[in-house]
Structure formats: C-alpha cells, structure tokens
Amino acid sequence: MNIRKSLVILALAACFNVSLAQQTVTSPEESLDSIAADLQLNDSVAIDSLLPWEQAVAAKLDRCVQSPLLQTTQAAIMVWDLDADSAIYCFNHRQLMRPASTEKLLTAITAIDRLGGSYQFKTELAYTGSIDNHTLNGDLHCIGGMDPRFNGDDLNAFVESVRRMGIDTIRGGLVADRSFKESATLGEGWCWDDDNPVLSPLLINREDNLLERFEALLLKAHITIIPTTTTKPGRRAPVPKKICTRFHTIDQILMKMMKDSDNLYAESMFYQIAAADGNRPATAKNTATIIKRLITKLGLDASQYYIADGSGLSLYNYVSAELETMFLRHAFRNEKIFIHLYPSLPIAGVDGTLKNRMKHTFTQGNVRAKTGTLSRVISLAGYCKAANGHNLCFAILNQGIPKASMARAFQDRVCQILCEP
C-alpha cells in the first residue's frame, strides 16, 4: 500500500472514530485496508477522491483539536466539500449535543422547504354579524397568525379599515382569536430565568396586549363600543368575514431571525411549519415531526435526535454536527431554499452576530454562518469558500465551555483554516 493512501486512510479513521486497536487483522496494511473497506461501506467515503488541499486542511484541523480547551470540554466538527460532495473532516460528528441557536438552521431550512419562498405571516381582522346604519351588530375578530413583525402601523390599518366601512358604533365586542397555536406561552425546556419571548399568536411589538391597544385606538378614532353578547347559547358561532389582512414575508422574518438570532422570530417560523400542514392549533410536537421527516429524507436516523423548539433556547434539544451539516448541504443543493437562506446568514466581520468576529484576510466577508450561545454552549454552522474556490459547509459544536470567548476563538481558528491557502 502506498504512503499517500495509508495517510489518507489513517486521517479518515480518526474522522470516523475508527481505531486500529479495534481491528483484529494480522498486519498494519491489512488493518488499513479493513478500515478503508469499513469506511466506504458505512459512510460512503471514497478514499482515493480526497485532494491534497483537503488532506492539508484535515492535518491542520487535527492539530487544532489538540487544543487544551478540548481536554476539559466537548467539541464536534464536520466539514463538507459541497463541490466534491464529500466529507473532508469529522471529529465527534455524530455525538449528540445541544445546538443553541444553530437550531434555527433546522427551523429555517425546513420552513423554506415546506412553506416556499412566497409564504406570508398574516394577522387578520374580520367581523361577524351585520352592519346597519353605521353600526356593527356583532364582533370584531383579531385573528392571530403569529407574525412577530406586527406593529403599530399594522394596528392603525385595522382601525382605518373599520372606518372605511362607515362603522362608528360596535354593538358587540372585540375577540382575540389565538387558535393558531397551542396555548403554552413558553417552550419546552426553557430556563425560567432566561430572556424568553412570549409565544402568543397575537402580538404587537412583541407584546401580548394587542386587543387592549386596538380598543384604545378605536375609541380614539371615535368608534364607540357597546359590549353586547352576540352569539346565543347553543348556536354555532358564525364564520367571520375578512376586513383586512396585514402580512410580512418569509424573507423579512428570516433576516432578523438569522442575522440577529431573534428567538421570537424563530419560534414564529417554527409554528408556521405545523400550521401550514393543517395542524390547528399548531404544536411544537407537530413541527418536530415534520422536521424529523426531513431528517429521514436526508438519510439520517431521525429517532436519534430531539427537537424541542425552533430557536435553540431549550435545553432539551439534541442534534449532531453531522445533522446540521446535512441540512446545510440540502439547502445548498436546492436553489429554492438557498436563495432565501444564504442572504439571511450573518457575515463574518460585516454584520449580524458575526460583525465583530473573524476579521481576518481570508474569513471576513467569506464565512456566512449561524451562531449559537447558551450557558456553556457555543456553536457555529454555515458556509465558506476555500482558497481553491470550493464551497464548504460546516458545523462546530462546543459544550462545557467555561468562557464563551475561548470557544469562539477555537471556532474562528477552524474557519480560518478552511479559508486560508
């Protein structure tokens, strides 16, 4: 066996956690051939297809993971060459870890895949009853669609739509329709002392007081409300008739969700996935089931992972570097997904949560990735371009970190290795 092939196989053996000591063969060459066959069988890695630059990257990363940081903490890395469509580096890539906000990648990619790039986040105003002589004998219904961008301008548009109908009196009431999602206002596994968003489908400026503000604006517009019961007991409530719809696009949600790592935006997108599949009220378990269908489609064992929420706030989420890398690969190979995902990712040294990181010659403006931060958990996953022009995707998960800056420095160094000549 030639020296080059031996070195490549040894590198891949380390990549896929295969040990020579575990082999029961009688010679080193036979052991290497056995590992090669095992790797090709189980991981579809073509040994002879590795390029010299890939070997150089792997060698540098091998030295990188010898960092003293990893002697007392956990790390997982996977790097995938998107042009060659093969793994070029793996380190604990199948170990289950908490993803923190890199969980948002799974949410975003599944959402674009299922909902499409033209999907809209809607909040609607409707009425029941009849309109007679400038009086609505019935109710106004605010129908929540969990649009995190709904704001004062949108609410003013609701008021204006009532005025345009010539209504100056409402004999009925204001109804908040929150049937879009389950009633829980916090996610499973969220810490009580964290800065948690309120998971209501009917928010205004991120607060759950839309109905109160709507009533105040109606009164200010000289529209009188006379509280009256409009639905008789035992009778089915009539279907509301739409007056006004306010919406924001999936791209508007994605930009803030990914660039700023906004948890409310991520949870809103998470529930859209289930609701669009006809689940009303939508639940976190509905969405987790849909995400796991995509995991299975990508050829991985969905039962190995736990998806608790869409933002990564939950301590119950467990994924792997391999899973995140395969999601990134799936997005890259599907233009209808990638065209929406890629512009939303923070750019190293330029914007979002990477604005102040990786201001190096080869990484600044090159690395586009989602960051993740929880107590003692730091993660990074995204895309970059190698010096030879190959597109790469990667996932780096660090846990048990005593100081966040230590893990970020480690991740920045990994990215620099991927990008430099």
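Parameters and conventions
Residues numbered from 1 in each chain as written. Predicted model: local features only at pLDDT ≥ 70, side-chain atom pairs only at ≥ 80, totals over all residues. Heavy atoms only, no water. Helix = DSSP H or I, 4+ residues; strand = E, 2+ residues; numbered from the N terminus. Polar contact = N/O pair within 3.5 Å; in protein donor to acceptor, adjacent residues only side chain to side chain. Contact = heavy atoms within 4.5 Å. Salt bridge = Lys/Arg side-chain N within 4 Å of Asp/Glu carboxyl O. Buried < 20%, exposed > 50% of the residue type's maximum accessible area, 1.4 Å probe, protein only. pLDDT = per-residue confidence, 0-100. Expected span 1.5 Å × (residues − 1).

**Overview of the side chain of Glu324**
(1) Moving on: Mapped onto the secondary structure, Glu324 falls in helix H11 (residues 321-333).
(2) Moving on: At 2.7 Å, the side chain of Glu324 forms a polar contact with the side chain of Thr102.
(3) Moving on: Setting aside its immediate chain neighbours within four residues, Glu324 contacts Pro99, Thr102, Glu103, Val319, Ala381, Ala395 and Leu397.

**Quick word on the pattern of salt bridges**
(1) Moving on: Inspection of every chain in the model, using the stated rule, returns 15 salt bridges.
(2) Moving on: For Glu322, the salt bridge identified is with Arg94, shortest N-O distance 3.2 Å. Of this pair, Glu322 sits in helix H11 while Arg94 sits in the loop between strand E2 (86-91) and helix H5 (103-115); the two residues are 228 residues apart in sequence, bridging distant segments of the chain.
(3) Moving on: Asp262 is paired through a salt bridge with Arg206; the nearest N and O atoms lie 2.8 Å apart.

**Here's the deal with the environment of Lys370**
(1) Moving on: Position of Lys370 relative to the elements: it lies in strand E9 (residues 368-374).
(2) Moving on: Residue classification places Lys370 among the buried residues on the basis of a relative accessible area of 0%.
(3) Moving on: Along the primary structure Lys370 and Lys259 are separated by 111 residues, whereas in three dimensions their C-alpha atoms are 7.8 Å apart.
(4) Moving on: Sequence-distant contacts of Lys370, that is, excluding residues within four places in its chain, are made with Ser101, Thr102, Lys104, Leu105, Met257, Met258, Ser261, Leu345, Pro346, Ser379, Leu380 and Ala381.
(5) Moving on: A polar side-chain atom of Lys370 sits 2.9 Å from a polar atom in the side chain of Ser261.

**What about the confidence of the model for the protein?**
(1) Moving on: Summing up the model confidence of the protein, the mean pLDDT is 89 and the portion of residues at 70 or higher is 87%.
(2) Moving on: Note that residues 1-48 has pLDDT below 50 and, in this model, 60 contacts with residues that lie over four places away or in other chains.

**Some details on H11**
(1) Moving on: The end-to-end C-alpha distance of H11, which contains 13 residues, comes to 18 Å, matching closely the 18 Å that a straight helix rising 1.5 Å per residue would cover.
(2) Moving on: In terms of residue burial, H11 counts as a mostly covered element, since 11 of its 13 residues are buried.
(3) Moving on: Regarding H11, the residues found buried are Ala321, Glu322, Leu323, Glu324, Thr325, Met326, Phe327, Leu328, Arg329, His330 and Ala331.
(4) Moving on: Looking at the buried residues of H11, the elements they touch are strand E1 (74-81), H5, helix H10 (284-297), helix H12 (335-341), strand E10 (377-385) and strand E11 (391-399).

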